Amino acid sequence: MWFVRFLTSSIGKKLVMASSGLLLFLFLCTHAAGNATIFMSSKVFQSYADELHSHPLIVLVFSLSLLVIFLVHIGVGLYLFNENRAVSTSRYAVSTRVVKNSLASQTMPYTGLFILLFLVVHIFGFTFSPKTVPISVTVKELLGNFFYALFYIVAFAALFLHLSHGFWSMLQTFGVNHPRYNEFIARLTLVFPLFFFAIFAGIAFYFMTGLGANY
Amino acid sequence: MSSINLTLKIWRQANSDALGGLETYSLDGIHTDMSFLEMLDVLNEKLTKEGKDPVAFDHDCREGICGMCGAVVNGIAHGPEKETTLCQLHMRHFKTGDTLVIEPFRSRAFPVRKDLLVDRSALDRIIQAGGYVSVNTGGAPDANGLPIASQRAELAMDAAACIGCGACVASCPNGAAMLFTSAKISQLALLPQGQVERKQRALAMVAQMDVEGFGNCTNARECEAVCPKGISIRNIARLNREYLTAVLSEG
């Protein structure tokens, strides 16, 4: 069947990674926009969270879809990692990387796995936090802890690295590569990860330093 | 003419089944005007005179257009010079006292036959899987009978510059043959002559590529950096598009 042939081919698997990556990227955009309200005040953030959770069906549908997308991205990613590792380990006595700045592309599976670890911590900290405590209070409490916030900032640095290869790589896999736009895409591949880092790590930093505690 | 003294560490392996290993040779008085392969010739003459087995390596035209030669020199396929095949790499790029580690092009799909000589017929089988191109036979067609925009013709020509040496596979961290396959697919997909079997060709060549045991592309860009013909990964993007279109609409 064409669909099975597509999914089992090397390019098909890459396209699955790229499509799920794009959906996760879009999720990050909405998540960053929503969370950024906390910079206005905890009250604004709380009202955003309350509004969002007053539509339980939407939250449920989106959460479940997100779970599926994550599982696909992680599952296929690990499968590819394992497949490629079988080929790439200790091929040469001397191996030299010719491409400059290949740190991000070389560490994709590792930054990805670190983000997964973060995700587990994050979900248990916030998604499954006691419903009796308002979420804005949970944010203050958890991110007020220096090491908790530091872990968050490190995780967002990993996300930055992951996206600084992932965004360009996704477009390349979709077949977007044209000399007219390549320079622009290279800039976006820096701007988007920086944007997410500024917002997400900014929130962690805001509460880690106690700046956000009174607002 | 100046000359240099080198230490060579070369992969020696008696046959496909034998266990190989690096062996060290010192080679003095190598003229800097020699090519890398001529340097190996000097070594082989020396080994032959000493009654030892010379180092087996592939070569043919020695002018950078046939794609037969190639080895990994200090971790870089075809050595440190950009857009240069091993035969066109000259010893003036090295200095006296250098240690050169010379290993065969490695991939799961490239079994080592002897020393630096690898079996790259997997690449031929990818081309064979591409099948035929439907063209009218008969007298020579009019020169401009088939209009082709010059930019397209240039892009097709850029892709057709691929000599199939396998350096892309050797340098890819995953041993993928995407740059090679994408160049072969692009050169036909860009031209009107390649349209009839376009989708079929993309599907068959990618399927063969996977069967041969090449790895998956992770966009590490190493292939493009070592390619002696400067084939761009823009071709890989084109292959991805070709494959997606074909898989969604063909068969």
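The shown structure was predicted, so the numbers you read here are calculated from the model rather than taken from an experiment. (Residues numbered from 1 in each chain as written. Chains lettered and ligands numbered in written order. Predicted model: local features only at pLDDT ≥ 70, side-chain atom pairs only at ≥ 80, totals over all residues.)

**Q** Can you lay out the overall build of chain B for me, pointing to particular residues and giving the numbers?
**A** The secondary structure content of chain B amounts to eight helices and seven strands. With the principal axes as the frame, chain B shows a C-alpha extent of 60 × 40 × 35 Å. For chain B, with 251 residues in total, the buried portion stands at 46%. Put simply, 72% of the contacts in chain B that link residues at least 6 apart link residues at least 24 apart. (Helix = DSSP H or I, 4+ residues; strand = E, 2+ residues; numbered from the N terminus. Buried ≥ 20, exposed ≤ 12 C-beta atoms within 10 Å, placed from the backbone. Contact = placed C-beta atoms within 7 Å.)

**Q** Explain the sheet that holds strand β4 (residues 76-77) of chain B to me, and be specific about the residues and the numbers.
**A** Residues and elements named next belong to chain B. Read across the open sheet, the five strands follow the order β2-β1-β5-β3-β4; overall the sheet is mixed. Two strands bound the open sheet, and with one partner strand each, they are β2 (21-31) and β4. When strand β3 (residues 72-73) meets strand β5 (residues 99-103), the two strands line up antiparallel, connected through two bridges. Each bridged residue has a counterpart across the sheet, and for V73 the counterpart in β5 is I102. Helix α1 (residues 36-49) rests against β1 (3-12) and β2 of the sheet, and its axis sits at about 105 degrees to β2. (Pairing = 2+ DSSP bridges. Axes fitted to C-alpha atoms, helices over the stretch in contact; angles between N-to-C directions.)

**Q** Give a description of the interface of chain B and chain A that names residues and reports values.
**A** Contacts between the two partners involve 36 residues from chain B and, on the opposite side, 33 residues from chain A. Going through the elements one at a time, β5, α6 (198-211), α7 (222-226) and α8 (234-249) of chain B are the ones with two or more residues in the side of chain B that touches chain A. A per-element tally of the side of chain B that touches chain A places α8(B) first, with eight residues.

**Q** Can you break down the domain arrangement of chain B residue by residue, with the values?
**A** All names here are of chain B. For chain B, the assigned domains are domain 1 (3-103) and domain 2 (120-133 + 147-249). Of note, the centres of domain 1 and domain 2, computed from C-alpha atoms alone, are 29 Å apart. Between domain 1 and domain 2, the residue contacts involve 12 residues of the former and 11 residues of the latter. Of the residues that constitute the side of domain 1 that touches domain 2, the class distribution is five nonpolar, six polar and one charged. (Domains from an automatic or database assignment. Nonpolar A, V, L, I, M, F, W, Y, C, P; charged D, E, K, R; others polar.)

**Q** Describe the packing of helix α7 (residues 135-144) of chain A against helix α9 (residues 179-208) of chain A, with residues and values.
**A** All names here are of chain A. The geometry of α7 relative to α9 is characterised by a closest axis approach of 8 Å and an angle of 80 degrees between their N-to-C directions. Taken together, the axis directions place α7 and α9 in an arrangement best described as roughly perpendicular. Contact with α7, carried on its side by V139, K140, L143 and G144, involves A204, F207 and M208 of α9 and no other residues of that element. When its residues are assigned to classes, the contact of α7 with α9 shows five nonpolar, one polar and one charged. (Parallel < 35°, antiparallel > 145°, perpendicular 65-115°, else oblique.)

**Q** An account of α7(A) is requested, with residue identities and associated values reported.
**A** Residues and elements named next belong to chain A. The complete set of buried residues in α7 reads I135, S136, V139 and L143. One side of α7 holds all its buried residues, which, seen down the axis, span an arc of 105 degrees. Structurally, α7 contributes buried residues whose contacts are with α3 (42-53), α8 (146-173) and α9. (Arc of directions from axis to C-beta.)

**Q** Describe in detail the confidence of the model for chain A, supporting the description with residues and values.
**A** Considering every residue of chain A, the mean pLDDT works out to 93; 97% of them sit at 70 or more. Ranking the helices and strands of chain A by mean pLDDT puts α8(A) first, with 97, and helix α1 (residues 2-8) of chain A last, with 89. (pLDDT = per-residue confidence, 0-100.)

**Q** Which residues make up helix α5 (residues 178-189) of chain B, and what values do they have?
**A** All names here are of chain B. The end-to-end C-alpha distance of α5, which contains 12 residues, comes to 15 Å, matching closely the 16 Å that a straight helix rising 1.5 Å per residue would cover. For α5, the tally of buried residues reaches 11 of 12 residues, placing the bulk of the element in the interior. For α5, the full list of buried residues reads M178, L179, F180, T181, S182, A183, K184, I185, S186, L188 and A189. Packed against the buried residues of α5 are α2 (121-129), α3 (150-160), α4 (167-171), α6, α7 and α8. (Expected span 1.5 Å × (residues − 1).)

**Q** Residues and numbers for the nonpolar core, please.
**A** Counting residues in each nonpolar core, the largest one holds 105 residues, and the members touching the most others are A:A204, B:I102, B:F105, B:C168, B:V169, B:A177 and B:L179. Looking at which domains feed residues into this core, each of domain 1 (3-103) and domain 2 (120-133 + 147-249) of chain B supplies at least three. (Core = buried A, V, L, I, M, F, W, Y, C linked by C-beta atoms within 7 Å.)

**Q** So what's going on with the environment of A:F207? Residues and values would help.
**A** Residue and element names in this part refer to chain A. Here F207 shows up in helix α9. Here F207 falls in the buried class, since 22 other C-beta atoms lie within 10 Å of it. For the pair F207 and N177, spaced 30 residues apart in sequence, the C-alpha to C-alpha distance is 41 Å.

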